[in-house]
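# Geometric and topological summary
One-letter residues, chain by chain:
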Number of protein chains: 2
Amino acid sequence: MVNRLSEGQLAEFDENGFLVVPDVLGTAEVAALGAEAEALYGTDSPRRTFEADGRTVRAVHGCHQIPGGFADLVTDARLLVPARQIVGGDVYVHQSKINAKRALSGDIWPWHQDFTFWNREDGMAEPRVVNVALFLDAATDHNGPLLLIPGSHLVAGTETVRPGKKAEKESWQAHLAADLEYTVSRESVARLSASADIVSALGGAGSLLFFDSRIVHGSGSNMSPADRRMAIFTYNSVDNVPGAVAAPRPDFLAARDHSPLQVTR
Amino acid sequence: MVNRLSEGQLAEFDENGFLVVPDVLGTAEVAALGAEAEALYGTDSPRRTFEADGRTVRAVHGCHQIPGGFADLVTDARLLVPARQIVGGDVYVHQSKINAKRALSGDIWPWHQDFTFWNREDGMAEPRVVNVALFLDAATDHNGPLLLIPGSHLVAGTETVRPGKKAEKESWQAHLAADLEYTVSRESVARLSASADIVSALGGAGSLLFFDSRIVHGSGSNMSPADRRMAIFTYNSVDNVPGAVAAPRPDFLAARDHSPLQVTR
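Every chain's residues receive numbers from 1 upward, in the order its sequence appears when written. Chain A is the first chain written and ligand 1 is the first ligand written, with later ones labelled in order. Local features are withheld for residues below a pLDDT of 70 in this predicted model, meaning they are given only at 70 or higher, and side-chain atom pairs are given and counted only at 80 or more; totals for whole chains, interfaces and linings count all residues. Neither water nor hydrogens contribute to the side-chain values; these are computed over all heavy atoms in the structure.

An unreviewed UniProt entry lists chain A under the name Ectoine hydroxylase, with Streptomyces spectabilis as the source organism.

Have a look at this one:
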C-alpha cells in the first residue's frame, strides 16, 4: 500500500509533530492545481483574504468545497489514507485553504497553534485532527517557508496571547489577518525553541507536509521573486465533530458537512 | 599581518560582492558592544528610527560619531585594514548604523543597493566604498539574516524604483513597513536571482561581513525569539568625498568629517 505511512514515518510524526513526504504529486498535477489556485485568487468572494495592502491575496478558504481539483484531492488516497492513519479512523475536512505567500509581498504568519482556533472559535473538543499541506511551489529558505518547533505539540503550558484586533473587523476576518487573534506568547516561543531548534519545512512542489494541530508554527516574509503557495486540508475525526457555539464561523472556515470521506482515487 | 585579507579572500569579495569572516571579535568584546547598542536604542535621538509600530527600534545611525566602543571600532585594525585593502588607500566613515532586527518584531528591508542612496542623496560619485558589518548576535536562517545576490554588484541595468512614486503599480512596495526610497524592481530581483541563488549571510556573533556598495541585498522578518543586531560601517575612499547636494542629509547619515582614518589599535 504505497500511500500508507510506514511505522517509522508515523513514529517521526508522533515525536516531532510534523512529517515532510517529498514528491507525492507529479509536476503536471501540481501545475493544474496551481492554475486553479490562481483562478480562485482572482475570483471575488468572502473566501478570499488579503495582505495588509488590501490588494495582495493572502489566502482562499474552503477550496475543498468548490468543485474541481482541490475538492477531488481530499478523497485522493495519497492524502486521505495517511490522514486516516494519523487521526485513527474516519475523517472529514473541517477546514481548507490555499495560502498564497506571494513573491516579494507575502507577509508573516505569527507563531500560533491551529487547535486553539478550532477549539475556541469552532467548539472542537479534542486535537484528533491533522493538517495535510500540499506544496504548490517549492519551499526554500528565502520564500517564507512554514517554520515549526519540533515536539511543541506535546509540551504543556504553551501560552496563548490575544493581540486584540478583533474589534476592528468582523470577528472571523480578524482571525485571518497577519495579526492573528490567538498567537503564542514570546516567552513560550523562546522556551520551546530553546529546547528544539526551529525547523523550516522545505521541499519541492508536490511534496506533502503533515502537521499536528497543536504544533507551534508560523512563517516569515517571502523575500524571493517566486510565490510560495500551499494548500492545507484539515482532516478531523468524525468522532470529534464540534459542538454548538454562540457565533458559528462561515461554512468555508468550519465545514458543516461531517460525512466520513471515502477514497475515490 | 593577521588583519589583512588574503588574496583568495579579496578575489572572493571581488567575484561575489561579499565576504563573511567568522569569529573576528571575541565574546566579551561583542557583549560590551551589545550593551552599548542597547543604551543607544534606549536613548531618545533623531538618530533612532522605528519599525511600523512606532515603538520597536529599527536602527540607530551615526554610532561611530558617539564616543565609545563603536567609535573606537572604526579605527580597529580588524575592520580598517581590510576596508583599506578593498577600497584601495585611505578611507573615512561616510555612514554607520546599528540595525536592531528585534526578536519576533524586526521587519523586512526590501531589496536595494546602498550606492543608489549615497549617489543620489549624498552626491557620492563612485562606488569606491565598502560596508563592514559586525554581527552583534548570531545570524541564522530564522532571524532575518542579511540576504545577498552573489555577483549582482557587477551586473549592469539593475532597475531602481521609488515606492513613493509607484505605489499604484507595485503593491509589494507600497505595503512594506520598511519604506525605503530606492528599491530594486521586482523584475531585476527575478533576473538577478535566476542567475545566482540568493545567499543568507550566516555566522556567529563577532563575525564580519564585508559587502560591496552595489550588491543587491535585503533581509526578511525576524521570526526567532532572539534579536539579530548588526553594526554596519561604511568606509569611503578619501578620493571619493561627495560633492555638494541641494538638500544635504544630516551628519549622522552623511558624515562631514572626511579625515583619513589611522589604525589606533
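### Concerning the sheet that holds strand E12 (residues 217-219) of chain A
DSSP calls a pair of strands paired once it identifies at least 2 bridges connecting them. In this text, helices come from DSSP runs of H or I with a minimum length of four residues, and strands from runs of E with a minimum of two, each type numbered from the N-terminal end. Taken in spatial order, the four strands of this open sheet run E5-E12-E7-E10 (chain A), and their pairing is antiparallel. Of all strands in the sheet, those with a lone pairing partner are strand E5 (109-112) and strand E10 (199-200) of chain A, marking the two edges.

### Quick word on the sheet that holds strand E5 (residues 109-112) of chain B
Residue and element names in this part refer to chain B. Across the sheet, which stays open at both edges, the four strands sit in the order E5-E12-E7-E10 with antiparallel pairing between neighbours. Here the strands that pair on one side only, and so sit at the sheet edges, are E5 and strand E10 (199-200). Relative to strand E12 (residues 217-219), strand E7 (residues 146-148) runs antiparallel, the two sharing three bridges. Its bridge partner lying in E12, Leu146 is registered against Ser219.

### Focus on the relation of the copies chain A and chain B
These two copies of the chain differ by a rotation about an axis and a displacement along the same axis. Laying chain A over chain B is done by rotating through 180 degrees and shifting 0.0 Å along the axis; what remains is an RMSD of 0.1 Å. Taken together, the rotation angle and the small translation identify this as a two-fold axis. Closest approach to the rotation axis within chain A is made by the C-alpha atom of Ser221 of chain A, at a distance of 2.9 Å. Between two residues, a contact is recorded if the distance between any of their heavy atoms is within 4.5 Å. Comparing contact sets, 79% of the residues at the interface of chain A also lie at the interface in chain B, consistent with an isologous, same-surface contact. The superposition of copies rests on a least-squares fit of C-alpha positions from residues with pLDDT of 70 or more in both.

### A few points about helix H2 (residues 27-41) of chain A
All names here are of chain A. In this model H2 runs 21 Å from its N-terminal to its C-terminal C-alpha over 15 residues, within 8% of the 21 Å that 1.5 Å per residue would give. For H2, the complete set of buried residues consists of Val30, Leu33, Gly34, Ala37, Leu40 and Tyr41. Looking straight down H2, one finds that the buried residues subtend no more than 115 degrees of arc, so they occupy a single side. Buried residues belonging to H2 abut strand E2 (48-50), strand E3 (57-61), helix H3 (69-73), strand E4 (91-99) and strand E6 (129-135). The span you would expect from a helix comes to 1.5 Å times its residue count less one. Any residue under 20% of the maximum accessible area for its type is buried, any over 50% is exposed, and the rest in between are partly exposed; the area is computed with a 1.4 Å probe on protein chains only. What the arc covers is the set of directions going from the helix axis to the C-beta atoms.

### Notes on the pattern of salt bridges
Any carboxyl oxygen of Asp or Glu that lies within 4 Å of a side-chain nitrogen of Lys or Arg is treated as forming a salt bridge with it. Scanning the entire structure with this criterion turns up 28 salt bridges over all chains. Because the salt bridges share partners, they merge into one network encompassing Glu38, Arg102, Asp137, Asp227 and Arg229 of chain A.

### Side note on the packing of aromatic side chains
Residue and element names in this part refer to chain A. Think of it this way: a Phe, Tyr or Trp ring, Trp meaning its six-membered ring, pairs with another when their centres are within 6.5 Å, and the plane angle makes it stacked under 30 degrees, edge-to-face over 60, tilted otherwise. Summed over the entire model, instances satisfying the criterion amount to two aromatic pairs over all chains. Taken together, a centroid distance of 5.2 Å and an interplanar angle of 80 degrees make the contact between Phe117 and Tyr182 edge-to-face. Residue Phe117 is found in helix H5 (residues 114-120), and its partner Tyr182 is found in the loop between helix H6 (171-174) and strand E9 (183-184); the two are separated by 65 residues along the sequence. The buried category is assigned to Phe117, whose relative accessible area is 6%. Note on criteria: charge over ring means Lys NZ or Arg CZ within 6 Å of the ring centre, with the direction from the centre no more than 35 degrees off the ring normal. Stacked on the ring of Trp109, the Lys or Arg Arg58 has its end atom at 3.9 Å from the ring centre.

### Looking at the interface of chain A and chain B
If you look at the interface, chain A gives 29 residues, while chain B gives 29 residues. Once two parts are joined, some of their accessible surface, as seen by a 1.4 Å probe, is lost; buried area is that loss totalled over both. Interface area, chain A with chain B, both sides summed: about 2100 Å², of which 64% is carbon and sulfur. When the buried surface of chain A facing chain B is broken down by residue, Leu104, His142 and Met223 of chain A rank first, second and third, together holding 32% of it. Counting every contact that joins chain A to chain B gives zero salt bridges. Under this definition, polar contacts are N or O atom pairs within 3.5 Å; protein pairs additionally need one hydrogen-donor-capable and one acceptor-capable atom, and for neighbouring residues in sequence, both atoms have to be side-chain atoms. Our enumeration of links across chain A and chain B arrives at five residue pairs in polar contact (both at pLDDT 80 or more). Those elements that place two or more of their residues in the side of chain A that touches chain B are E5, helix H7 (186-195), E10 and E12 of chain A. The leading source of residues in the side of chain A that touches chain B is H7 of chain A, at four residues.

### Some points on the pairing of strand E11 (residues 208-212) of chain A
Residues and elements named next belong to chain A. Among the five residues of E11, five are classified as buried, and the element is accordingly described as predominantly covered. Where burial is concerned, the two faces of E11 agree: the one with Leu208, Phe210 and Asp212 and the one with Leu209 and Phe211 are both buried. Sheet topology places E6 next to E11; five bridges connect them, and they run antiparallel. Paired with Leu134 across the bridge in E11 is Leu208.

### A few points about the nonpolar core
We define a nonpolar core as any set of buried Ala, Val, Leu, Ile, Met, Phe, Trp, Tyr and Cys residues linked to one another through side-chain atoms lying within 4.5 Å. In this structure, Phe70, Ile98, Leu134, Leu136, Phe210, Phe233 and Tyr235 of chain A are the most contacted members of the largest nonpolar core, which totals 36 residues. When residues of this core are assigned to their parent elements, the largest contribution, five residues, is made by H2 of chain A. Contacts of Ile98 of chain A, omitting those with residues within four sequence positions, involve Ala37, Leu40, Tyr41, Arg58, Ala59, Val60, Cys63, Phe70, Leu136, Met230 and Ala231 of chain A. Residues Leu10, Val57, Leu79 and Leu80 of chain B belong to the second largest nonpolar core, which totals 35 residues.

### A short note on the environment of Asp114 of chain B
All names here are of chain B. Summarising the element assignment, Asp114 is placed in helix H5 (residues 114-120). Residue Asp114 is classed as buried on the basis of its relative accessible area, which comes to 9%. When the C-alpha positions of Asp114 and Ser188 are compared, they lie 15 Å apart, and in sequence the two are 74 residues distant. Ignoring any residue separated from it by four or fewer positions in sequence, one finds Asp114 in contact with Asn131, Phe211, Ser213 and His217. At 3.2 Å, the side chain of Asp114 forms a polar contact with the side chain of His112.

### A short note on unusual backbone geometry
Phi is positive for Asp23 of chain A, close to 55 degrees, though the residue is something other than glycine. With respect to the element layout, Asp23 of chain A can be found in the loop between strand E1 (18-21) and H2. Taking the relative accessible area as the measure of exposure, Asp23 of chain A reaches 60% and is therefore exposed. Even without glycine at this site, Leu104 of chain B takes up a positive phi of about 60 degrees. When you line up the elements, Leu104 of chain B lands in the loop between strand E4 (91-99) and E5.

### Overview of the side chain of Ser188 of chain B
If you trace the backbone, Ser188 of chain B turns up in helix H8 (residues 186-195). The class for Ser188 of chain B is buried, based on a relative accessible area of 4%.

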